[in-house]
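Structural overview
In case you want the letters, here they are:
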Amino acid sequence: MRMVKNELIDLRLYLPDAVYELLFATEKNITGAPLYPRAIPLLQKDAAVKLQQAYERFKADGYTLKIYDAYRPKSVQEILYGIVQNHHWIANPKTTASNHNRGCAVDIALISDQTGEELEFPTPMHTFAEESAHTCKTWSEAARANVDYMTKVMDECGFAGIKSEWWHFAIRESKLYMTTDIDLASLTMLPYQGN
């Protein structure tokens, strides 16, 4: 019998120079209200190590990683599924654990270091519509090239994407990790002490 793991860490310890805009901690999400009481980008340690590798690849190519979501408490998943009610975009928490609930998934985009602007992508983040799917035929050439590039780097660093969302990536070993419902407001954050 295999034990499930839970080694959630603050992603900012591994990627201090990434850009963080956790939309579910703001009003800029489908509900119009913050769903996270605090903007803390948690991720499983193994996923953070892999994401750090991807970050370094992106940086070498002139891009900065932008994180829109990482760990998502199961109670937030329930709220989102109640609104969207489509398992292609939000996993049904009654039947399927989301890789976000395990702390194994991130929603990302890229910023050009040259212009400081986010690259062109097919849709805004968390657009729960057919246009966000890789199978969509209306993507511009630039948007498709940017998604293909980001997907290739993430794949080579140990992440798998999903067809319905261009922005979503999870480590392939997600099933080894626990589904949790952590109250982000209750976390005690200590100052960074180095290694």
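What counts, and at which threshold
- Residues numbered from 1 in each chain as written.
- Predicted model: local features only at pLDDT ≥ 70, side-chain atom pairs only at ≥ 80, totals over all residues.
- Heavy atoms only, no water.
- Helix = DSSP H or I, 4+ residues; strand = E, 2+ residues; numbered from the N terminus.
- Buried < 20%, exposed > 50% of the residue type's maximum accessible area, 1.4 Å probe, protein only.
- Contact = heavy atoms within 4.5 Å.
- Areas by Shrake-Rupley, 256 points an atom, 1.4 Å probe, with all protein chains shown as cover.
- Lys, Arg positive; Asp, Glu negative; His and termini not counted.
- Charge placed at Lys NZ, Arg CZ, Asp CG, Glu CD.
- Patch = residues over 30% accessible without salt bridge, like charges linked within 9 Å, V, L, I, M, F, W, Y side chains within 5 Å.
- Salt bridge = Lys/Arg side-chain N within 4 Å of Asp/Glu carboxyl O.

When its secondary structure is counted, the chain shows three helices and seven strands. Tracing the chain from N to C terminus, the helices and strands come up as β-β-β-α-β-α-β-α-β-β. For the chain, the C-alpha atoms occupy an extent of roughly 45 × 40 × 40 Å along the three principal directions. A buried classification covers 45% of the 195 residues belonging to the chain. The long-range fraction of contacts in the chain, counting pairs at least 24 apart against all pairs at least 6 apart in sequence, stands at 74%. Summing over all exposed atoms, the chain offers an accessible surface of approximately 10,100 Å²; the carbon and sulfur share of this is 51%. Charged side chains in the chain number 20 positive and 25 negative. The centres of these two groups are separated by 7 Å.

Where nonpolar side chains cluster on the molecular surface, the patch consists of Ile30, Ile79 and Ile83 and spans about 250 Å² of accessible area. As for its position among the elements, Ile30 is in the loop between strand E2 (19-20) and strand E3 (42-44).

A word on the pattern of salt bridges. Inspection of every chain in the model, using the stated rule, returns 13 salt bridges. Its salt-bridge partner being Lys28, residue Glu21 comes within 2.8 Å of it at the nearest N-O pair. For Lys28, a relative accessible area of 54% gives the class exposed. With a closest N to O distance of 2.8 Å, Arg72 and Asp69 form a salt bridge.

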